[in-house]
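# Fold and geometry: a report
Each chain, written out:
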Amino acid sequence: MTTLAVPERLPRTDPRLDAIRAKVAAGERLSLEDGELLYTTPDIWTVCELADSVRRRLHGDIAYYNINRHLNYSNVCALSCKFCEFYRKKDEEGAYTRDMAYVREEVAKAVEGGATEIHSVGGLHPYLPFSYYIDLVRTIKETARELGSDLHVKAFTAVEVVHLAKIAKVYKNDDRKAGIRWVLHELKQVGLGSLPGGGAEVFDDRVHDEAFKGKIRSDVWLDVHRVAHELGLNTNATILYGHIEERRERLVHMDMLRRVQDEALAGARQPDGDTAKQGRSAAFQALIPLPFFPDGSELEHLPGPAGLENLRTLAVARLMVDNIPHMKAFWIMQTLAMAQLMLQCGANDVDGTVVWYDITKVGGASTHQEVTVPRLQRAIREAGFEPVERDTLYRRVKRDGQSWSVIDS
Ligand code: V47
């Protein structure tokens, strides 16, 4: 009988994590080297336990969900990012651009379903005028109001905001913040409530040039969010991991986010009289780690990250990014089963009911990707947490069927 060589078993507990444990207990910021150890230690359960301790310090045993709808206004995109299976060229089969009649119908369905939020993003459409985007936000807000609801519009990634500044002809390379400010101000006037976190990918020029050349770079993405914060718009952040980036690059991405958040929080603490900082009271609300899905993309030959890598990246993000309050396990991309595990490893939010989602389709899912509120609540309870419905700004929602109001502001 042959004996198979048994691989050397790695110890389950790693004493090298003691120093990190002490830092986490003291609320000290972790270094990039700490992050590397968190990524490479075989003791993944201690990494999760540490992330859970931070999550419980911030949010106790509450886990949030929301009732929302995604509305992708167009999948036509001037770019061709290698990781993306969503985009179409203008006359390609499957290309769509929604008109306002469609938008009104979708908003009516959202209100009927009790949604508190519309999350709206799209490709960089080469021909739509700036007025289309103003109409989009205005139509969502007005239709909802006519139906007796105050839907929050979370719309346009930083990449789209820069595209809008270009089509409105207000973007100047030597003063890009001015054009960004103009666009966000105009959109805010008609009802834009916050910015989603998409389009960040990985803040690294090598990765950018290889996988999403043509998209804005990290400095521009961060500037859009800085300006949004200055204008009082809260925003989210993402990291798209598990393709051609190294783990060190993920950690640098997390570090860049927490630095910009430091700025936003310092601005928010300025006394009212400080005119230079006036109105600057917003910040990043949530970080959403997005695992790369290779299917249908130009990077289809890559495997994409698996379960433990997803769990670990979420936990590492919770530990490294110590100043963004919420970590979201986006169930559409993680699956609801995985989101349950993530709630135990640093996540405190599973996103929402969603309904239609066509940016990624996990395991052959269709664009109809919906989970009911009882299922979301059950998943959260099974994971050991109390489900709490929130609005986009993380205020508790009091609900009576399709009508709702915000409890604490
Ligand atoms: O920007 C595109 C990513 C993002 C793929 O702010 C892919 O609350 C994985 O940003 N595999 C859109 N990811 C989703 C997003 C988001 C989702 C949920 C909540 C929020 C929020 C934001 O999806 C894109 C891009 O980074 N993406 N293709 C892919 N193949």
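Quick note: structure is the one above.
What comes next is a walk through the structure. All of these numbers come straight from a predicted model, not from anything done at the bench.

## Description of the sheet that holds strand β8 (residues 326–327)
- The strand order β2-β3-β4-β5-β6-β7-β8 describes an open sheet built from 7 strands, whose pairing is parallel. Looking at which strands have only one partner, the edges of the open sheet turn out to be β2 (68–70) and β8.
- Of the strand pairs in this sheet, strand β3 (residues 117–120) and strand β4 (residues 152–155) are connected by 4 bridges, and their pairing is parallel. Looking across to β4, one finds that His-119 is bridged to Lys-154.
- The strands that helix α11 (residues 307–320) touches are β6 (234–241), β7 (284–291) and β8; relative to β7, the one it contacts most, it runs at about 160°.

## Some thoughts on the side chain of Asp-255
- Looking at the secondary structure, you find Asp-255 in helix α10 (residues 247–268).
- For Asp-255, a relative accessible area of 11% gives the class buried.
- Looking at Asp-255, its side chain comes within polar contact range of the side chain of Arg-259, at 2.9 Å.

## A short note on helix α14 (residues 373–382)
- Of the residues making up α14, those classed as buried are Leu-376, Ala-379 and Ile-380. Projection of α14 onto a plane perpendicular to its axis shows the buried side chains occupying an angular sector of 95°, all on one side. Turned more than 90 degrees off the buried face of α14, the exposed positions are Pro-374, Arg-381 and Glu-382.
- Elements that come into contact with the buried residues of α14 comprise β1 (62–66), α12 (331–334), α13 (336–343), β9 (349–352) and β12 (386–389).

Parameters and conventions
Residues numbered from 1 in each chain as written. Predicted model: local features only at pLDDT ≥ 70, side-chain atom pairs only at ≥ 80, totals over all residues. Heavy atoms only, no water. Pairing = 2+ DSSP bridges. Helix = DSSP H or I, 4+ residues; strand = E, 2+ residues; numbered from the N terminus. Contact = heavy atoms within 4.5 Å. Axes fitted to C-alpha atoms, helices over the stretch in contact; angles between N-to-C directions. Buried < 20%, exposed > 50% of the residue type's maximum accessible area, 1.4 Å probe, protein only. Polar contact = N/O pair within 3.5 Å; in protein donor to acceptor, adjacent residues only side chain to side chain. Arc of directions from axis to C-beta.

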